[in-house]
Amino acid sequence: MKKDRHNRKAQILQALAQMLENEVGGKITTARLAAEVGVSEAALYRHFPSKGKMFEGLIEFIEETLISRMKAIRDGKARLLEQTDAVIVLWLTFAQKNPGMCRVMMGDALVGEHGRLRQRVAQLFARLETELRTWVRDAEIRDGERLCVPEAAFANFVVAMIEGQIHALVRHAYDYNALQYWEDQRHVLSAFLANRLEELPALN
């Protein structure tokens, strides 16, 4: 029974994400969502007490997916440049492949919804920024790498780049390749790091 309930919740969130992808600009009501899932509105509310909770469920899915994959990148023990490269590609690929969830990440799908949902999305990007700051500190200890800019400035730079490309996806109605120029742009990131990294004294 518990597994069936989990599957139904996942089905509802999947249907919501699909409707957000297919109906840009349209208002998604619980009645229409219930019809899409093939259940009654009462059945929807047995799994989620409100439409806002459904959006929160999507945000939690996005966060769990991206942060867990970031953990795998971090555990790979690559150097800071390779880790940062992988994180940028991860977030932009996820946004590219999931237009409905991309709209949630940028707040486009949250217009008219409760303000707490926008705050929840802001927390998602704040968590990304915090993770990146931690990675810079780890690079100092593990690999003797040190940025000549504050770790907070570096993390903010990377997050701003990711957010800018995701905004471009929404602005172009997803007829846009967020990684189109990444092969060239990664050289800019590489030069930025290479020119601003200093070797710390060897740790005993």
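Residues numbered from 1 in each chain as written. Predicted model: local features only at pLDDT ≥ 70, side-chain atom pairs only at ≥ 80, totals over all residues. Heavy atoms only, no water.

Where an unreviewed UniProt entry is consulted, the protein chain appears under the name Nucleoid occlusion factor SlmA, with the organism given as Thermohahella caldifontis.

(A) Geometry of helix H7 (residues 115–143). Spanning 29 residues, H7 covers 42 Å between terminal C-alpha atoms, matching the ideal 42 Å at 1.5 Å per step. Positioned one or two residues after H7, Gly144 has a phi angle of 70°, which is positive. (Helix = DSSP H or I, 4+ residues; strand = E, 2+ residues; numbered from the N terminus. Expected span 1.5 Å × (residues − 1).)

(B) View of helix H5 (residues 80–97). Compared with an ideal rise of 1.5 Å per residue, which puts 18 residues at 26 Å, H5 spans 26 Å between its outermost C-alpha atoms and is within 8% of the ideal. Taken together, the buried positions of H5 are Leu80, Gln83, Thr84, Asp85, Val87, Ile88, Leu90, Trp91, Leu92, Phe94 and Ala95. (Buried < 20%, exposed > 50% of the residue type's maximum accessible area, 1.4 Å probe, protein only.)

(C) Broad picture of the UniProt feature "DNA-binding region" (unreviewed entry) in the protein chain. Taken from the UniProt record, the annotation "DNA-binding region" (unreviewed entry) applies to residues 29–48. End C-alpha atoms of residues 29–48 are separated by 14 Å, and the span's content is 75% helix alongside 0% strand. (UniProt positions renumbered as here; feature names shortened; annotations may be inferred.)

(D) Focus on the environment of Leu13. Looking at the element boundaries, Leu13 is found in helix H1 (residues 2–22). In this structure the C-alpha to C-alpha distance between Leu13 and Val37, which are 24 residues apart in sequence, comes to 9.5 Å. Setting aside residues up to four positions removed in sequence, Leu13 forms contacts with Phe48, Met54, Gly57 and Leu58. (Contact = heavy atoms within 4.5 Å.)

(E) Local environment of the packing of aromatic side chains. Going through the model one piece at a time under the given rule, you end up with one aromatic pair. A centroid spacing of 5.5 Å and a plane angle of 50° characterise the contact between Trp91 and Phe125, whose relative ring orientation is tilted. Residue Trp91 is located in helix H5, and its partner Phe125 is located in helix H7; the two are separated by 34 residues in the primary sequence. (Phe/Tyr/Trp six-rings, centres within 6.5 Å; stacked < 30°, edge-to-face > 60°.)

(F) Quick look at the pattern of salt bridges. Inspection of every chain in the model, using the stated rule, returns ten salt bridges. Linking Arg186 and Asp85 is a salt bridge whose minimum nitrogen-to-oxygen distance equals 2.7 Å. Of the two residues, Arg186 is situated in helix H9 (residues 182–196) and Asp85 in helix H5; the sequence distance between them amounts to 101 residues. A relative accessible area of 16% means that Asp85 is categorised as buried. Here Glu183 makes a salt bridge to Arg186, at a shortest N to O gap of 2.6 Å. Residue Glu183 and its partner Arg186 are both found in helix H9; the two are separated by three residues, about one turn of the helix. (Salt bridge = Lys/Arg side-chain N within 4 Å of Asp/Glu carboxyl O.)

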